[in-house]
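Residues per chain are reported as follows:
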Amino acid sequence: MKSVLIGVGQAGGKVTAALSDFDTRNGFGAVVGSLAVNSARSDLQSLPLDTVLIGGAEVNGHGVGGDNELGTRVMRNDLQEVVGAIDGRTTAEAEAIFVVAGLGGGTGSGGAPYLVGELQEIYDRPVYGLGILPGRDEGSLYQVNAGRSLKTLRREADATLLVDNDAWRSSGESLESGYEAINERIARRVGLLLAAGEATRGVGESVVDSSEVVNTLRGGGVATLGYASADASSAAAANANVVTSTTRRAVRSGLSLPETTTAERGLLVVAGRPDAISRKGVERARSWLETEVDTMEVRGGDFPTRDDRLAAIVLLGGVARSDRLEGFLERARQAARAEKQREEEDDDAGLTDDRIDGLL
Ligand code: GDP
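Residues numbered from 1 in each chain as written. Predicted model: local features only at pLDDT ≥ 70, side-chain atom pairs only at ≥ 80, totals over all residues. Heavy atoms only, no water.

1. Let's talk about the site of the ligand
Convention followed: Distances are taken per atom, and a residue is near a molecule or strand as soon as one of its heavy atoms is within 4 Å of it. Pairs of N or O atoms are called polar contacts if they sit within 3.5 Å, as long as, within protein, a hydrogen donor faces a hydrogen acceptor (for residues adjacent in sequence, only side-chain-to-side-chain pairs). For helices the rule is a DSSP run of H or I covering at least 4 residues; for strands it is a run of E covering at least 2, with both sets numbered from the N terminus onward. The classification used treats Ala, Val, Leu, Ile, Met, Phe, Trp, Tyr, Cys and Pro as nonpolar, Asp, Glu, Lys and Arg as charged, and all other residues, Gly among them, as polar.
The ligand sits among 18 residues. The nearest are Gln10, Ala11, Gly108, Tyr179 and Asn183. The contact in question runs from an oxygen atom of the ligand to an N or O atom on the backbone of glycine 108, over 2.7 Å. Taking tyrosine 179, its side chain carries an N or O atom lying 2.6 Å from an oxygen atom of the ligand. At the level of secondary structure, the elements contributing two or more residues to the shell around the ligand comprise helix H1 (9–25), helix H6 (107–122) and helix H8 (175–196). Among the residues making up the shell around the ligand, the classes are represented as seven nonpolar, nine polar and two charged.

In structure tokens, the structure reads:
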């Protein structure tokens, strides 16, 4: 699926850079344009991407800290510049726009949902969110910010693909030191999904088309992506079990939003050498997926590659039940309640005065 990627904020920019790099290195050509937008000049300087600095008037290149309301404001105030830069990159061949952001920070958290809403007014192509949820050990401000950001992003985007920062992190890896590795994993998985619809080699009836990705995401809501790979035999007949077991692993331990148990639609892409993909395996894996996530709507297709390994890429659209998402929302609600309580206590202590007008 030929896509334009817009990274907002620090995480958004870094993930966009990793995805663009993955696409270029593999010669897929699915990423047809990319851009990083931030209010922090130093975060933009290190990126190998075209950039737009927003909020110059408000924060002078220093970022918005964790203030996501300010993040929304600086995006709104500099919208014309951002939209102008996106327009130059959204050529006729682009089938979708992805706005990428860490939902727990400030610029991406506040800016991305607003930008998505505005882009929906301009383009008739789907505009998707690629949102990164804070890990469970991140502080309460991240949880509150991400809760609010997700609420709006879900409403504005054609679908929101979520990546939980705890999902693709190696055990023993701290979150901060692990960002690069996590970003690489996001790049490989999302990059393969985008590239899958672009396959031109070995085209046959069973090759997946980008419309299948669009159809799986149609209907909106939250989406998750699963991935697993395994060594395979060179003969398809020997690989039926490899396809089914890899698909199972992609869903049971490889999802970007773990513990997703029901979804409205699914797409199974099996990547590998065309003569190594077992048709029987693909059919079995598809019916397993229908039962596993409780949907009758599972699409499927191959992604012919030159890789000796087989990989299963599973996209679930319209996530209906995910304990991990529930857990996150509960953390966000609790953190928001605690914040409100602190504010009320401050009020009681006379630290704010309702009779004094603020500046803005
Ligand atoms: P912003 O620049 O104000 O939009 O804030 P950030 O993009 O730094 O957002 C903070 C959130 O993003 C936190 O939940 C971080 O854990 C997460 N984050 C920051 N950098 C990265 C990164 O490079 N990769 C990933 N996966 N998450 C990141």
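Resuming the write-up.
2. Observations concerning the sheet that holds strand S8 (residues 260–272)
Where we set the bar: Two strands qualify as a pair provided that DSSP identifies no fewer than 2 bridges between them. Where helices are involved, their axes are fitted lines through C-alpha atoms of the stretch in contact, as for all axes, and angles between N-to-C directions lie from 0 to 180°. Contact criterion: two residues are considered in contact whenever any of their non-hydrogen atoms come within 4.5 Å of each other.
Reading across the sheet, the 10 strands line up as S3-S2-S1-S4-S5-S6-S7-S10-S8-S9 and stay open at both edges, with mixed pairing between neighbours. Looking at which strands have only one partner, the edges of the open sheet turn out to be strand S3 (51–53) and strand S9 (298–304). Going across the sheet, the axis of each strand differs from the next one's by a mean of 25°, ignoring polarity. Examined bridge by bridge, strand S7 (residues 222–231) and strand S10 (residues 309–322) share eight bridges and lie antiparallel to one another. The partner of serine 229 across the bridge, within S10, is alanine 311. Seen against the sheet, H1 touches strand S1 (3–8), strand S2 (31–38), strand S4 (96–102) and strand S5 (127–133) and runs at an angle of roughly 150° to S1. Where helix H11 (residues 279–293) meets the sheet, its contacts fall on S8, S9 and S10, and the angle it forms with S8 comes to roughly 165°.

3. What about the packing of helix H7 (residues 140–156) against helix H12 (residues 323–348)?
Worth spelling out the cut-off: Whether a crossing is left-handed or right-handed is set by the direction in which the near helix is turned from the far one by less than a right angle, anticlockwise for left-handed and clockwise for right-handed.
For the pair H7 and H12, interaxial distance at closest approach is 8 Å and the crossing angle is 115°. By crossing handedness, the relation of H7 to H12 is classed as left-handed. For the pair formed by H7 and H12, the contact residues are Ser140, Leu141, Gln143, Val144, Ala146, Gly147, Leu150 and Arg154 on the first element and Leu325, Phe328, Leu329, Arg331, Ala332, Ala335, Ala336 and Glu339 on the second. Taken together, the residues that form the contact of H7 with H12 break down as 10 nonpolar, three polar and three charged.

4. Remarks on the pattern of salt bridges
Opposite charge on two side chains allows them to pair when their charged atoms are near. The cut-off we apply is this: Salt bridges are counted wherever a side-chain nitrogen of Lys or Arg sits within 4 Å of a carboxyl oxygen of Asp or Glu.
Counted under the stated rule, the structure contains 19 salt bridges. With a shortest N-O distance of 2.8 Å, arginine 273 and aspartate 308 are connected by a salt bridge. Residue arginine 273 is found in the loop between S8 and H11, and its partner aspartate 308 is found in the loop between S9 and S10; the two are separated by 35 residues along the sequence. Between glutamate 330 and arginine 333 there is a salt bridge; the shortest N-O distance is 3.0 Å.

5. With respect to the UniProt feature "binding site: GTP" (unreviewed entry) in the chain
Quick reminder of the rule: UniProt positions are given in the numbering used here, feature names are shortened, and annotations may be inferred rather than shown by experiment. Exposed residues in this analysis have more than 50% of their type's maximum accessible area, buried residues have under 20%, and partly exposed residues fall in between, with area computed by a 1.4 Å probe over protein chains only.
The UniProt record marks Gln10, Ala11, Gly12, Gly13, Lys14, Gly106, Thr107, Gly108, Glu138, Asn165 and Asn183 with the feature "binding site: GTP" (unreviewed entry), using the residue numbering of this structure. Relative to the assigned elements, lysine 14 resides in helix H1. Residue classification places lysine 14 among the partly exposed residues on the basis of a relative accessible area of 31%. Leaving out residues up to four positions away in the same chain, lysine 14 has contacts with Leu47, Tyr179 and Asn183. On the basis of relative accessibility, which here comes to 5%, the residue glycine 108 falls in the buried class. What glycine 108 contacts, discounting residues up to four positions off in sequence, is Val8, Gly9, Ala101, Gly102 and Pro113.

6. Comments concerning the domain arrangement of the chain
What counts here: Boundaries of every domain are those given by an automatic assignment or by a domain database. Put simply, buried area is how much 1.4 Å-probe accessible surface two parts lose in total, over both of them, once they are put together.
What the domain assignment reports for the chain is domain 1 (3–198) and domain 2 (224–323). Put simply, the middle of domain 1 and the middle of domain 2, counted by C-alpha atoms, are 26 Å apart. A combined buried area of about 1,200 Å² lies between domain 1 and domain 2, and 77% of that area is made up of carbon and sulfur atoms. When residues of domain 1 are sorted by the area they lose upon contact with domain 2, Trp168, Arg189 and Leu193 head the list and together hold 36% of the total. On the surface where domain 1 and domain 2 come into contact, there are zero salt bridges. Our count for the domain 1 to domain 2 interface comes out at three residue pairs in polar contact (both at pLDDT 80 or more). Where the side of domain 1 that touches domain 2 is concerned, the elements lending two or more residues are strand S6 (159–164) and H8.

7. Concerning the pairing of S8
Selection rule: Consider the strands pointing away from the viewer: the crossover is right-handed when the path from the first strand over the helix to the second runs clockwise.
The buried fraction of S8 amounts to 11 of the 13 residues, a majority that puts the element mostly inside the structure. Pairing of S8 with S10, which is carried by 10 bridges, proceeds in the antiparallel orientation. Residue pairing across strands places alanine 263 opposite valine 319, the latter belonging to S10. The pairing of S8 with S9 spans seven bridges and is classified as parallel. Along S9, the bridge assignment pairs leucine 267 with arginine 299. The parallel pair S8 and S9 is bridged by H11, and the resulting crossover is right-handed.

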